[in-house]
Amino acid sequence: MFSYILKRILIFIPTMLIISILTFALSKLSPGDSVRIALGNQEAQGETNGSADKMAGEKAYLDMAEQLGFNLPSFYFLFSNAATPDTLYRIIKKPERDNLERLIAQYGDWPEIEQYYHNIKKVDFNLLDVKKDSTIFDQDKLIRDDAGKLLLEYKDVTIQDMLTEMDKASAASPLLTGIHQDVQNLQASYTAIKQKATPSKNLIPSIKWYGLNNQYHRWLSHFLVLDFGISYIDKRPIWSKIKEALPWTLMLNLISILLSYLIAIPIGIHSARTKGSIGEQVTTVVLFILYSLPVFWVATLLITFITTPEYGMDWFPTFGVGEVTDGMSWTDVLMVRIPHFILPVFCITYGSLAYLSRQMRGGVLSVFRQDYIRTARAKGLSEGKVVWKHALRNSLIPIITIFASLLPAAISGAFIIEIIFSLPGMGKVAYLSLQSRDYPMVFTVMMFSAFLTLLGTLISDILYAVVDPRISFDK
Amino acid sequence: MAKEKNKEEKAETLNAIVIRQFKKNKPALWSFRLLILIFLIGLSADFIANEKPYYCELNGHTYFPVFRGVGVDWGLTNWPPELSNVNWRDLNYQKVVWPLVPYSPTTLDIKNKDYVSPSAQQDVPSPRWKHYLGTDNLGRDVLSGMIHGTTVAMMVGVVSMSVALLLGLFFGSLAGYYGDNRLKMTRLTIILNVVLLPFAIFYAFSARSYTLSDALALSVWKFLFHFVLSLLIFSSIMAIPNLLDRFLKKIPYLGAQVSVPVDILVSRLIEILESIPSLLLLLSIVAIMDKPSLMMVMVIIGLTRWTGIARYLRGELLRVRSLEYVEAAQALGYPEWRIIIRHTLPNSLTSVLISVSFGIASAILTESSLSFLGIGVPPEQVTWGSMLSLARGVPQAWWIAIFPGFNIFITVTIFNLIGDGLTEALDPRLKQ
């Protein structure tokens with residue numbers, strides 16, 4: 001048995017690693033500029049008075065990116081093509097990097113594309129230092145806009161159009177002669193891209209090694225010491241927000257799982273013993289209906305009908321967990337909390353309760369068919385002893401394995417329930433951060449739920465081996 | 001006589017037995033009939049509830065606007081200029097035949113907005129125009145929304161389960177048929193497979209990623225074409241080492257045959273996928289999507305649901321593959337793929353139907369909880385879940401709290417009953 005448990009624990013680790021990689025990959029695919037959100041969404045490209053200001057803005061951006069670790073490569077290695085340089089990750093702004101990748105896919109000559117990229121930036125910067133007057137207002141705006149658009153453009157026709165437009169605009173005024181030179185350099189570098197194009201390089205696969213200094217490694221090692229970074233919304237550490245939310249979710253789930261086991265086992269046994277009677281048939285139908293009732297519908301119905309004075313049944317509070325002031329005795333705290341918890345706990349419990357009772361009934365029925373039960377009855381044991389002493393232990397086995405699937409179901413169920421009843425648990429936190437695109441928070445919650453789920457599976461596997469010693473022998 | 005009957009029973013195929021047993025189960029049978037009805041409603045939603053008339057005469061011309069509308073939706077035809085962007089209710093018809101429910105799910109009845117109860121005095125010209133199940137905040141007809149929501153629910157079930165079935169059948173039959181010691185390859189073939197896999201992924205998907213994403217932006221069919229092309233590239237690259245296998249046997253050591261633990265690999269994959277809470281995974285995938293899309297949600301639900309089917313099929317095949325008729329087929333020298341597809345799969349399919357049936361129930365439930373939360377489904381799309389969510393915070397609108405949720409409940413229940421009926425029909429202990 002010990003080796004079996006050890007084996008289960010050993011599987012736990014790689015599984016968790018794979019989930020972490022998946023979560024990390026999803027977080028990397030998420031849209032939006034994390035650095036900008038972390039900077040407080042201030043418009044870095046707003047009104048600037050010269051290249052010095054712009055430089056300061058860019059510097060703040062880069063500093064924040066460095067603080068968040070975005071200046072590092074994403075993973076231990078990169079599997080891509082020979083045309084993509086191994087230093088592309090240093091371009092931190094994702095839209096610009098994506099566009100460069102697209103250009104590489106089209107033309108395959110990175111040195112020229114890099115030169116072109118720098119030339120666009122140069123036009124943009126130098127333009128800021130040009131002394132402006134009203135005569136060149138239009139041209140200035142046009143060139144600045146086009147330079148911004150060029151960073152995100154890969155279609156040949158559009159780029160050509162914009163380049164010609166910029167060329168014309170910069171030639172219009174003597175004030176812009178410096179810029180005109182830059183624009184011509186830019187045009188030259190774009191022509192060079194097309195002349196020296198080697199798109200076939202895109203078809204040669206290559207692996208680039210980055211070593212341990214990468215974002216995933218950093219993220220995971222911070223994760224292991226409970227440093228999850230800061231939430232984008234309120235700049236609080238994620239860990240402190242999770243610390244507040246987790247107890248509510250755990251409590252909600254544990255109470256309802258405990259309740260459903262406590263009620264389901266007697267129901268299951270009773271309905272198996274009275275199989276065929278009217279009472280048993282009614283129980284079966286009721287359990288089946290409970291099992292199929294969508295939890296969010298039940299919650300909505302409960303809230304609509306028995307938490308408001310609309311239909312004269314204002315019996316329960318509608319939202320939240322109640323106000324608790326300092327210095328209240330624990331009985332008073334319970335008196336405030338319990339009414340808030342009755343409906344949510346009911347909603348999470350009834351589904352698993354129905355499922356468990358059905359399984360328990362099936363388990364007891366199949367055990368009743370066994371020879372040793374007949375033997376126990378034949379030797380004159382009382383029915384109670386037969387059921388509780390002989391049949392129970394073996395019919396518990398399927399119920400215990402269900403624990404593993406119950407926990408994730410309960411977590412998902414609690415997710416919706418927390419949102420509907422506005423309880424401050426993990427589900428509510430995840431939902432709010434999803435809506436405000438606070439990705440570090442979302443993916444931390446996801447990792448936590450996966451961890452809890454795996455833990456549930458592990459516990460149920462171990463329990464399984466304890467209840468049924470035969471398990472350890474096979475395989 | 002008794003002997004003859006016995007013979008008959010022996011000749012009966014497993015599927016026939018299952019159907020016979022299933023028919024004995026009244027709740028399951030009635031669920032199945034109800035399902036057909038719901039399916040028909042889903043298919044003909046446009047013809048039952050529509051703001052356009054079936055038939056009308058207008059300024060001397062006759063039109064069939066409902067049919068024309070379906071044609072326009074499918075991209076087969078266009079509206080004539082005099083009918084594009086008209087308010088169908090206010091036209092001056094000479095003759096007109098309206099559908100059963102003369103409202104589309106998105107029709108805004110401004111006179112009856114802000115939650116008009118079915119029992120309240122409604123501002124409608126005649127009972128023909130009454131909102132029998134009330135309206136929502138924008139004056140949309142609840143009954144029409146429920147009918148059109150059926151289409152969405154059926155689509156969710158069909159699309160997500162097709163995706164899940166494809167993956168589940170593939171992985172389940174691999175793991176179940178081959179087990180841990182049936183698939184034998186030379187060492188070199190295994191090494192070549194591992195080495196070529198990244199290359200296959202590279203040429204089939206990485207190198208074509210822009211082609212694929214551009215095609216997706218254009219149309220689904222273009223995307224499917226390029227996707228199938230990618231799959232072809234992938235499988236032709238992966239076929240190289242496996243076709244070479246028989247020649248590689250001659251090499252010493254590297255050419256030695258070893259068994260591939262297919263079952264362990266697949267089971268571990270299933271275990272990992274199942275340990276991720278699917279609702280949260282769905283939410284985070286949906287969160288990173290650029291714009292909400294029902295199709296995407298359905299496919300993702302399918303991607304998270306195949307493990308159940310694969311697990312079921314695996315268990316079934318592990319049992320079936322040691323039966324005599326499989327051994328007989330092997331002795332006859334049939335190729336493996338033929339034994340899997342022609343001989344073992346048909347006998348395991350009934351059990352797959354069980355997990356499909358439960359799977360559809362849970363897919364519909366998942367989609368409606370997502371649209372209830374307002375995540376992933378476009379806001380203008382009317383689904384049962386999105387209608388139900390309108391009831392939150394509006395306690396007086398009992399009709400919105402009750403009816404859409406009741407639909408979800410009924411649909412989920414009938415799929416569960418069918419699944420139950422199939423399980424009982426397959427259980428040998430119940431067979432006399």
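Every value quoted in this text rests on a predicted model; they were computed, and no experiment measured them. (Residues numbered from 1 in each chain as written. Chains lettered and ligands numbered in written order. Predicted model: local features only at pLDDT ≥ 70, side-chain atom pairs only at ≥ 80, totals over all residues. Heavy atoms only, no water.)

Colleague: Any chance you could explain the overall build of chain A here in plain terms?
Modeller: Counting secondary structure elements, chain A contains 17 helices and 2 strands. Against the compact-globule benchmark of 23 Å for 475 residues, chain A has a radius of gyration of 32 Å, which places it well outside the compact range. Counting only C-alpha atoms and orienting by the principal axes, one finds that chain A spans roughly 110 × 60 × 40 Å. Classification of the 475 residues of chain A by burial places 47% in the buried group. (Helix = DSSP H or I, 4+ residues; strand = E, 2+ residues; numbered from the N terminus. Rg over C-alpha atoms; globule rule 2.2 N^0.38 Å. Buried < 20%, exposed > 50% of the residue type's maximum accessible area, 1.4 Å probe, protein only.)

Colleague: Just checking my understanding: could you explain helix H9 (residues 220–248) of chain B for this structure?
Modeller: The periodicity of an α-helix, 3.6 residues per turn, causes residues three or four positions apart to be oriented the same way. Residue and element names in this part refer to chain B. For H9, which comprises 29 residues, the first-to-last C-alpha distance of 42 Å matches the rise-based estimate of 42 Å (1.5 Å per residue) to within 8%. Considered for burial, the residues of H9 that qualify are His-226, Ser-230, Ile-237, Met-238, Pro-241, Asp-245 and Leu-248. The inward-facing, buried residues of H9 abut strand S4 (184–186), helix H7 (187–206), helix H8 (209–218) and strand S5 (257–259). (Expected span 1.5 Å × (residues − 1). Contact = heavy atoms within 4.5 Å.)

Colleague: In this structure, what is going on with the interface of chain A and chain B? I would like to understand it.
Modeller: One widely used convention gives an interface's size as the accessible area the parts lose upon coming together. Opposite the 57 residues of chain A that make contact, chain B presents 49 residues. Both faces combined, the contact of chain A with chain B buries some 4500 Å², and carbon together with sulfur accounts for 74% of it. Scanning the region where chain A abuts chain B turns up 2 salt bridges. Asp-214 of chain B is paired through a salt bridge with Arg-102 of chain A; the nearest N and O atoms lie 2.6 Å apart. Run the count over chain A and chain B and you get 8 residue pairs in polar contact (both at pLDDT 80 or more). (Buried area = accessible area lost by both parts, 1.4 Å probe. Salt bridge = Lys/Arg side-chain N within 4 Å of Asp/Glu carboxyl O. Polar contact = N/O pair within 3.5 Å; in protein donor to acceptor, adjacent residues only side chain to side chain.)

Colleague: Would you take a moment to explain the nonpolar core for this structure?
Modeller: One recurring pattern in soluble globular proteins: nonpolar side chains tend to sit buried together. Ranked by internal contacts, the top residues of the largest apolar core, which has 137 residues, are Phe-415, Ile-420 and Phe-421 of chain A together with Leu-283, Leu-373 and Ile-375 of chain B. Those residues in contact with Ile-420 of chain A that sit more than four places away from it in its chain are Phe-296, Ala-299, Ile-303 and Phe-319 of chain A together with Phe-372 and Arg-392 of chain B. (Core = buried A, V, L, I, M, F, W, Y, C linked by side-chain atoms within 4.5 Å.)

Colleague: For this particular structure, what's the right way to read the sheet that holds strand S3 (residues 95–97) of chain B?
Modeller: The strands that make up a sheet are held in pairs by hydrogen bonds between backbone atoms, and each pair lies either parallel or antiparallel. Residue and element names in this part refer to chain B. Across the sheet, 3 strands lie side by side as S2-S1-S3; this open sheet has antiparallel pairing. A single partner strand is all that each edge strand has here, and the edge strands are strand S2 (61–63) and S3. Taking the axes of each pair of neighbouring strands and ignoring which way they run, one obtains an average angle of 20 degrees across the sheet. Of the pairings in the sheet, the one linking strand S1 (residues 55–58) to S3 comprises 3 bridges and is antiparallel in character. Bridge pairing in S3 links Glu-57 to Lys-95. (Pairing = 2+ DSSP bridges. Axes fitted to C-alpha atoms, helices over the stretch in contact; angles between N-to-C directions.)

Colleague: Please explain the domain arrangement of chain B as it appears in this structure.
Modeller: All names here are of chain B. As far as domains go, chain B holds domain 1 (14–50 + 107–183 + 265–432), domain 2 (53–98) and domain 3 (184–259). Distance from the C-alpha centre of domain 1 to the C-alpha centre of domain 2: 35 Å. On the domain 2 side, the residues contacting the 7 residues of domain 1 number 7 residues. On the surface where domain 1 and domain 2 come into contact, there are 2 residue pairs in polar contact (both at pLDDT 80 or more). (Domains from an automatic or database assignment.)

Colleague: Whenever I open this one, the environment of Ser-134 of chain A confuses me. Can you help?
Modeller: Residue and element names in this part refer to chain A. Here Ser-134 shows up in the loop between helix H5 (110–129) and helix H6 (137–150). Taking the relative accessible area as the measure of exposure, Ser-134 reaches 69% and is therefore exposed. Counting along the chain gives 111 residues from Ser-134 to Thr-23, while the straight-line C-alpha distance between them is 52 Å.

Colleague: Help me understand a nonpolar patch on the surface, please; the structure alone is not making it clear to me.
Modeller: Where nonpolar side chains cluster on the molecular surface, the patch consists of Met-251, Ile-255, Leu-258, Leu-259, Leu-262 and Ile-263 of chain A and spans about 520 Å² of accessible area. Along the chain, the position of Met-251 of chain A falls in helix H10 (residues 238–273). (Patch = residues over 30% accessible without salt bridge, like charges linked within 9 Å, V, L, I, M, F, W, Y side chains within 5 Å. Areas by Shrake-Rupley, 256 points an atom, 1.4 Å probe, with all protein chains shown as cover.)

Colleague: Is there a simple way to explain unusual backbone geometry in this structure?
Modeller: When glycine is set aside, most residues are seen to have a negative phi, and most peptide bonds are trans. Residues and elements named next belong to chain A. Residue Leu-226 is not a glycine yet carries a positive backbone phi of 65 degrees. Among the secondary structure elements, Leu-226 is positioned in the loop between helix H9 (215–224) and H10. On the basis of relative accessibility, which here comes to 36%, the residue Leu-226 falls in the partly exposed class. Backbone geometry at Ser-422 places phi at a positive 55 degrees, although glycine is not the residue there. Among the structural elements, Ser-422 can be located in the loop between helix H15 (383–421) and helix H16 (426–435). Since its relative accessible area comes to 26%, Ser-422 is described here as partly exposed.

Colleague: How should I be thinking about the side chain of Ser-386 of chain B in this particular structure?
Modeller: Residue and element names in this part refer to chain B. Note on placement: Ser-386 falls in helix H15 (residues 384–389). You can call Ser-386 buried: its relative accessible area is 19%. Leave out the neighbours within four places in its chain, and Ser-386 touches Ser-371, Phe-372 and Gln-381.

Colleague: Looking at this model, I keep getting lost on the pattern of salt bridges. Mind explaining?
Modeller: As a working rule, side chains carrying opposite charge can pair if their charged atoms are close by. Residues and elements named next belong to chain A. Evaluated as defined, the whole model comprises 16 salt bridges over all chains. Across the pair Lys-59 and Asp-63 runs a salt bridge, and its minimum N-O distance is 3.2 Å. Taken as a pair, Lys-59 and Asp-63 lie in helix H3 (residues 51–68) at a separation of 4 residues, close to a single helical turn. Under the relative-accessibility criterion, Asp-63 is labelled partly exposed at 39%. Measuring nitrogen to oxygen at the nearest pair gives 3.0 Å for the salt bridge that ties Lys-194 to Asp-156. Here Asp-156 lies in helix H7 (residues 156–171) and Lys-194 lies in helix H8 (residues 177–195), a separation of 38 residues in the sequence. Accessibility expressed as a relative area gives 29% for Asp-156, which makes it partly exposed.

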